Amino acid sequence: MIKNILTKIPKVVRVAGYDIRIELMSTHMAAGMQRYGEFSSIEQMIRLQCEMPSRFQAVSTFLHEVNHAIFWAYGLEDDDKEERIVSTFGTAQMTLFRDNPWLTKWIAEALK
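Notes on the structure follow. Quick caveat, the model's predicted, so the values are computed rather than measured.

Okay, the packing of helix α3 (residues 55-73) against helix α5 (residues 102-110) next. Two numbers describe how α3 lies on α5: the axes approach to 9 Å, and their chain directions differ by 155°. Of the possible angle classes, the one that applies to α3 and α5 is roughly antiparallel. Side by side, α3 and α5 meet where Arg55, Ala58, Val59, Phe62 and Leu63 of the first sit next to Trp102, Leu103, Trp106, Ile107 and Ala110 of the second.

Across the sheet, 4 strands lie side by side as β1-β2-β4-β3; this open sheet has mixed pairing. Two strands lie at the open edges of the sheet, namely β1 (12-15) and β3 (37-40), each paired on one side alone. Each strand of the sheet is rotated relative to its neighbour by a mean of 25°, with strand direction disregarded. Summarising the sheet, β3 and strand β4 (residues 45-49) pair through 4 bridges and their orientation is antiparallel. Note that in β4 the partner of Glu38 across the bridge is Arg47.

Moving on, we get to the nonpolar core. With 25 residues, the main nonpolar core has Val13, Val15, Ile46, Leu48, Phe62, Val66 and Trp106 as its most contacted residues. Only α1 (2-7), β1, β2 (18-25), β4, α3, α4 (82-99) and α5 provide two or more residues apiece to this core. Per-element accounting of this core gives the leading share, 6 residues, to α3. Other than its neighbours up to four places away in sequence, Trp106 contacts Ile5, Leu6, Lys8, Ile9, Ala58, Val59 and Phe62.

Thresholds, definitions, all that
- Residues numbered from 1 in each chain as written.
- Predicted model: local features only at pLDDT ≥ 70, side-chain atom pairs only at ≥ 80, totals over all residues.
- Heavy atoms only, no water.
- Axes fitted to C-alpha atoms, helices over the stretch in contact; angles between N-to-C directions.
- Helix = DSSP H or I, 4+ residues; strand = E, 2+ residues; numbered from the N terminus.
- Parallel < 35°, antiparallel > 145°, perpendicular 65-115°, else oblique.
- Contact = heavy atoms within 4.5 Å.
- Pairing = 2+ DSSP bridges.
- Core = buried A, V, L, I, M, F, W, Y, C linked by side-chain atoms within 4.5 Å.
- Buried < 20%, exposed > 50% of the residue type's maximum accessible area, 1.4 Å probe, protein only.

Here you go:
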């Protein structure tokens with residue numbers, strides 16, 4: 001069932017005008033990297049472990065990696081102030097849901 005949730009995710013998520021590819025990776029590969037997912041700004045790609053321990057982990061990991069993409073795409077820096085980060089994420093998340101109409105349905109189905 002958890003694998004089925006991730007196979008329903010489209011191959012691309014748009015973040016700030018960038019088409020970020022989504023790829024599933026084997027559990028073996030993810031275990032070797034010691035992570036459920038990763039974002040590569042060089043490849044403009046999110047990789048997610050194909051089988052998660054729970055549907056909550058699947059959604060959480062996807063959103064975590066999208067947040068890394070937002071951080072990169074909007075040019076945030078580690079030493080930015082809280083208000084700048086929160087303001088940027090508000091705009092970024094509004095844009096994320098506007099540009100990816102499938103996302104709210106996917107999350108709602110995954111968390112049933």
